[in-house]
Amino acid sequence: NLLATHTHTHAPLLCSSAVSIDLLAAGQSDVTVDGVMGGGSTGTALWTTSLDGVMGGQSTGATTQTADALTFEGYLSTQGGGFAYTTVSLGDVDLSGTVGIRIGLSSLAFSSSSAPLAFEVALTGGSGCCGLSANFAVPATESAGEAAVAYISNNDWIRKRAVWYSSYCGCVTDLRQVTKMSIGLYNQEGAYSLRISSMEAVDAALSTASLLAAAPPLESGASQAEAFLRAAIDRANSLGTKSPGEQMEAAAAALLETAAAQAGNSDAVAAPARALLADAAISSMQARRRAGGSPPAQQTGRTLEARVAAALASGIVPLPEGCGSLGQYAIEVAATSEYGGSWAAEGALGPPSHDEGECATQKPGSWAPGPRDAGSYQLTLTYLTAVRATEVRVREHANPSTAAGFLRRVEVWAGGEAAGGWQSVWEGEDATACGYDKVVLLSPPTALTRRVRLTTSTGPHHAWEYIDAVRLSGSVCAEAPPPSPAPPDIVGTAAGQPATFSSLATYLSAAGLVAALQAEGQSFTVFAPTNGAFAQLPPSTVASLAGGTELLSQVLLGHVIASEVTSDDLSFGDTAITTLSGRSLIARKEHAGACVSDGEWYNPWQGSHFFCSAFTTQHHCDSFGSMEGHEGRTASQACCTCGGGSYAGAAVTVRDSAGGLLATVTTADVRASNGVIHVIDTVLEPPPGSSPPPPSPLPAPPPPSAPPSPPPPSPTPSPPP
């Protein structure tokens, strides 16, 4: 987990150390070459080079050490073992008083098809003990051999197998007693040349901000930077192909951090992409160096790759004057539920992990909700660049594969970040087969948006839905776009979404409430039943509503509050509300989804605290029945409460004054010019035997000439072929 940096044009990054151990000068062994492994290596008096000949490989390599530098170079072939490493015996070195290893090195030669090279540093100590593994990457500059520096924090070390054929560890290397150090290259085809001028264990850390600022910028044009980043993504993905696992994931992350930082410091790259790349690099470093425990490298690496891919999709080349089209993948994601591990919410970031037509049942790399059931879940995705959306494309998989076609609603956030709201752009039945794309075409294009929300359900299948990637396409302009039109009022919003609100719009008109809900200077909150909610009413209730406007008005005004109340305005717990019909209700806001922010979880078996991430919450917190100081809570609640974590989302329900459930808010915060709509799944009927309501504070509309007829049921959309 290391970013190589440019030093000769910047201020020094490292303060003078009271404790500094020269690891290049600490070697004590005589030369032995790797004939026992079938290799054909060469060595010096201190370093031993080992190759992949024993596994049928054809890699070459040699190590030389002079007074000025250690050089490790050769050609790595992936047609076999795909590895080469060089090793030195340190005797018995205590690194516990240091904070990391600073490596002075020389850069590679830049080309549009090249990418940084990731190297592993491995420490071992104690007979049969598993070693420690961490990674750094060598940057590419216009001319090879420019001075750079890399840094490995002590928080970067992960456990390495003692032998390749077994993951068993009787003990793990202790930094207080390190006897051997190796530097290795894995699964990266081509010529390699690593030149290290210094390698010191130090007691003063290099900050991530300093590393980012000092990364050598790419000095070529934007198109070369684009090719460089694509090559880095390809190389990072190839690392885990032959030997997947945390070790290769960490190497891939180190490689991408370096590439992103170099492009993020390049003036040739478009400003939005440059900012995203720089932030991606530093966020990845900070996440994987977190003291006390870090998320798995697979999780942080997936997020990093998604952000690099998003920068590429948003346009590395600065846009010319005028407008153009843009397709991009998400850079941030939140889910109301996630399975965790290889099926965390981050699986939906970036481009697809699987080819179109490849049904990825039980294959990692996609988002899946936690339970395997018929529940409804939401996935919210954020993109780098706001576009006037013309298409949303969703790559779907499922387990079992027959459960594909689980998308139920697609929404975009429109109308501005502060005053906008969710706008439904598609709702219905989904017939997409496993491994293929659900394509939602938007005509006319939406207002500017950079967020998409998907609602999924596998219905009666009781299955897992997978979302691999979500591509948002639309038009974008280099100059400032024209202001977005104001959203319609509440009545207009309902009328503009007939697939959801045609019944509500008809009833409002029949009751004569349209003008009242459009009164100037007033704002409202409407709990809006869907067409499906009205369709659930018994025939006797429908007949009663058709019998006159008094009961109809009472029912409809029982869904309206005379002020604007968003879901963010509600505190967790119960909030008392009074509708315009005079009825007292409760809006209950509860935590939803897993605890996804990092906190602490408590292991009562060992009596100790551990750092908690989304992964550990899913796989550890939930296995313990009681938490210190929070007995009786669920484990994930204690994870959040004890450690200050947070949940993936919130759920809002509408209840009677006694707390009985009346309706569930399925979509919150649909913005209108005069208030907000919360979509609910059930009509809020007056309680049995209730007395007529007090006079409405709304201006009374003139009665209709004849009793209204019930609206026709909304037609059920037929599935696409």
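Residues numbered from 1 in each chain as written. Predicted model: local features only at pLDDT ≥ 70, side-chain atom pairs only at ≥ 80, totals over all residues. Heavy atoms only, no water.

Asker: Account for the overall build of the protein chain, naming residues and giving values.
Answerer: A count of helical and extended segments in the protein chain gives 12 helices and 32 strands. For the protein chain, the proportion of its 721 residues judged to be buried stands at 51%. Once local pairs closer than 6 in sequence are excluded, the contacts in the protein chain between residues at least 24 apart make up 75%. As displayed, the protein chain has an accessible area near 29,400 Å², and 53% of this comes from carbon and sulfur atoms. (Helix = DSSP H or I, 4+ residues; strand = E, 2+ residues; numbered from the N terminus. Buried < 20%, exposed > 50% of the residue type's maximum accessible area, 1.4 Å probe, protein only. Contact = heavy atoms within 4.5 Å. Areas by Shrake-Rupley, 256 points an atom, 1.4 Å probe, with all protein chains shown as cover.)

Asker: Would you mind going over the state of the cysteines in detail, with residue names and values included?
Answerer: In this structure the tally under the stated criterion is 2 disulfides. Disulfide pairing places Cys129 opposite Cys171 at an S-S distance of 1.8 Å. The sign of the -105° torsion about the S-S bond sets the Cys129-Cys171 disulfide as left-handed. In this pair, Cys129 is assigned in the loop between strand E9 (117–124) and strand E10 (131–138) and Cys171 in the loop between strand E13 (158–160) and strand E14 (178–186), connecting sequence segments 42 residues apart. Since its relative accessible area comes to 14%, Cys129 is described here as buried. Paired by a disulfide, Cys359 and Cys434 hold their sulfur atoms 2.0 Å apart. An S-S torsion of about 90° defines the bridge between Cys359 and Cys434 as right-handed. (Disulfide = S-S within 2.5 Å.)

Asker: Which residues make up the pattern of salt bridges, and what values go with them?
Answerer: Pairing between side chains of opposite charge can happen when the charged atoms of each approach one another. Applying the stated criterion to the full structure yields 11 salt bridges. Of the charged contacts in the structure, one is a salt bridge between Glu427 and Arg409, with a shortest N-O distance of 3.6 Å. With Glu427 in strand E20 (residues 421–427) and Arg409 in strand E19 (residues 407–414), this pair connects stretches of sequence that are 18 residues apart. Judged by its relative accessible area of 29%, Glu427 falls in the partly exposed class. In the salt-bridge network here, residues are joined through shared partners; they are Glu391, Arg393, Arg395 and Asp437. (Salt bridge = Lys/Arg side-chain N within 4 Å of Asp/Glu carboxyl O.)

Asker: Before we move on, could you go through the sheet that holds E10 and cite the residues and values that matter?
Answerer: In spatial order, the strands read E3-E6-E14-E9-E10-E13; together these 6 strands make up an open sheet with antiparallel pairing. Whereas interior strands pair on both sides, the edge strands pair on one side only; in this sheet they are strand E3 (47–51) and E13. Averaged over all adjacent pairs, the angle separating strand axes in this sheet is 30°, with direction ignored. Inspection of the sheet shows E9 paired to E14 by 5 bridges, in the antiparallel sense. Within E14, the residue paired with Ala122 across the bridge is Ser182. With respect to the sheet, helix H3 (residues 246–264) is in contact with E9, E10, E13 and E14, its orientation differing from that of E10 by roughly 25°. (Pairing = 2+ DSSP bridges. Axes fitted to C-alpha atoms, helices over the stretch in contact; angles between N-to-C directions.)

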